[in-house]
Amino acid sequence: ETIIVNRVLRDDPSKSNMHNRQGLSIKMIWNILKDWRMWPIYALGIVFMVPVTPPQTYLTLSLRNLGYTTTQANLLSIPSKFLGMVLLLVFCYLSEIIDSRVISTALLQVWALPLLIALYTFDAQTSPWVYFAVVTLITGFPYVHPVQVAWASTNSGGVGTRTVSASIYNMFVQAGGIISANIYRDDDKVSLNKRGNRVLIGICVMNMFLYLFVYVFYKGINKRRDKVWNSWTAKEQEEYLEKTKDEGNARMNFRFAY
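Now for a description of the structure that goes with this document.

Calculation criteria
Residues numbered from 1 in each chain as written. Predicted model: local features only at pLDDT ≥ 70, side-chain atom pairs only at ≥ 80, totals over all residues. Heavy atoms only, no water. Helix = DSSP H or I, 4+ residues; strand = E, 2+ residues; numbered from the N terminus. Buried < 20%, exposed > 50% of the residue type's maximum accessible area, 1.4 Å probe, protein only. Contact = heavy atoms within 4.5 Å. Areas by Shrake-Rupley, 256 points an atom, 1.4 Å probe, with all protein chains shown as cover. Lys, Arg positive; Asp, Glu negative; His and termini not counted. Charge placed at Lys NZ, Arg CZ, Asp CG, Glu CD. Salt bridge = Lys/Arg side-chain N within 4 Å of Asp/Glu carboxyl O. 1 Å grid on protein atoms, 1.4 Å probe; cavity = no way out; pocket = protein on both sides within 12 Å on 5 of 7 lines; lining within 4 Å. Points joined across faces, edges and corners; volume = space filled by probe spheres on them. Nonpolar A, V, L, I, M, F, W, Y, C, P; charged D, E, K, R; others polar. Phe/Tyr/Trp six-rings, centres within 6.5 Å; stacked < 30°, edge-to-face > 60°. Expected span 1.5 Å × (residues − 1). Arc of directions from axis to C-beta.

Notes on the overall build of the protein
The helix and strand tally for the protein stands at 13 helices and zero strands. Listing each helix as α and each strand as β along the protein from the N terminus yields α-α-α-α-α-α-α-α-α-α-α-α-α. Each principal axis of the C-alpha atoms in the protein carries an extent, and together these give about 75 × 35 × 35 Å. Burial status across the protein gives 42% buried among its 258 residues. Counting only contacts in the protein whose residues sit at least 6 apart along the sequence, the fraction spanning at least 24 positions is 77%. Summing over all exposed atoms, the protein offers an accessible surface of approximately 14,800 Å²; the carbon and sulfur share of this is 63%. Side-chain charges of the protein comprise 26 positive and 17 negative groups, with the mean position of each set lying 4 Å from the other.

Section: the pattern of salt bridges
Taken as a whole and judged by the stated rule, the model has six salt bridges. Across the pair Arg101 and Asp99 runs a salt bridge whose closest N-O atoms are separated by 3.7 Å. With a closest N to O distance of 3.5 Å, Glu239 and Lys243 form a salt bridge. Of the two residues, Glu239 and Lys243 both sit in helix α13 (residues 234–243), four residues apart, roughly one turn of that helix. Judged by its relative accessible area of 38%, Glu239 falls in the partly exposed class. What you see here is one network of salt bridges that share partners, running through Glu96, Asp99 and Arg101.

Observations concerning empty space enclosed by the protein
Counted by the stated rule, this structure contains one cavity of 30 Å³ or more. Forming the walls of the largest cavity are Pro54, Pro55, Tyr58, Leu59, Ser62, Leu119, Tyr131, Val135, Tyr184, Leu192, Asn193 and Asn197. For the lining of the largest cavity, the secondary-structure elements that each account for two or more residues are α4 (53–57), α5 (59–65) and α9 (128–139). Counted by class, the lining of the largest cavity contains nine nonpolar, three polar and no charged residues.

Some remarks on the environment of Ala43
You can see Ala43 is positioned in helix α3 (residues 39–47). What makes Ala43 partly exposed here is its relative accessible area of 28%. Between the C-alpha atom of Ala43 and that of Gly176, which follows or precedes it by 133 residues, the distance is 9.8 Å.

Some remarks on the packing of aromatic side chains
In this structure the tally under the stated criterion is 16 aromatic pairs. Ring geometry for Phe122 versus Tyr131: centroids 6.0 Å apart, planes at 50 degrees, classification tilted. The exposure classification of Phe122 matches that of Tyr131, with both residues buried. Ring geometry for Tyr218 and Phe256: centres 5.0 Å apart, planes at 25 degrees, overall stacked. One end of the pair, Tyr218, is in helix α12 (residues 194–231); the other, Phe256, is in the segment after α13, and 38 residues separate them in sequence. A relative accessible area of 0% places Tyr218 in the buried class. In this structure Phe256 comes out as buried when scored by relative accessible area, which is 4%. Three or more aromatic residues joined by ring pairs form one cluster here, namely Trp36, Trp151, Phe213, Phe217, Tyr218, Phe254 and Phe256.

Quick word on helix α7 (residues 78–97)
Think of an α-helix as turning once every 3.6 residues; residues three or four places apart then point the same way. Under the 1.5 Å per step criterion, the end-to-end length of α7 is 29 Å for 20 residues, consistent within 8% with the ideal 28 Å. Of all the positions in α7, only Ser80, Gly84, Leu87, Phe91 and Ser95 are classed as buried. Within α7, the buried residues cover an arc of 75 degrees as seen down the axis, which keeps them to one side. With respect to the buried face of α7, the exposed residues turned more than 90 degrees away are Phe82, Leu89, Tyr93, Glu96 and Ile97. Among the residues trailing α7, Asp99 stands out with phi positive, at a value near 55 degrees.

Have a look at this one:
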């Protein structure tokens, strides 16, 4: 048991910073909020689900507007739920296989963009079954939220930081839900939400660039730290680990996942 504990602490010294009943002080919370290295993931949290949330929220209502009964609309929503469940497992597994959080989560935007463009082109003459097929694929999107929660936890670098950063990230996700709820408007319903879908397409494209920025951001930090760390001798590295006051992801030997 002692060997296992020592090995865990050697691999991740931050695990010894706190115990599971220790509270967080105001100063600790403020320091976590100031951690600018986590801000890109928080930014992703507020926008990554926006392109697919409105079609999902109004799925049954949209199907009823196409002439389906309430029962039919509810039954027609089942395939998207099943597809989403399967893709959730696939993309969570994919993130571990390719060891890339950016690629596995950004694929949601790649999935949604062509479908949103197709949805934007629909009009009153479009077949209800064609509309159903496209909307089912949109609302059956790969749910990458668990991957991004794990990503935030990994990059936080400390026990206390993980607790607060996970809460902050989820707050941004909830804020994204509020944004999503205000994209489809009543005065746009007659045109099958063309204006709303145009907004969703724009946000989807923006998200792709945001994921690219996050990739470059974390890769750049890791590269700079590698350069400094590798320039030190083994004795200097050991001395740093013993004497440094840096904590969590601020430590020079910490590398961000991306």
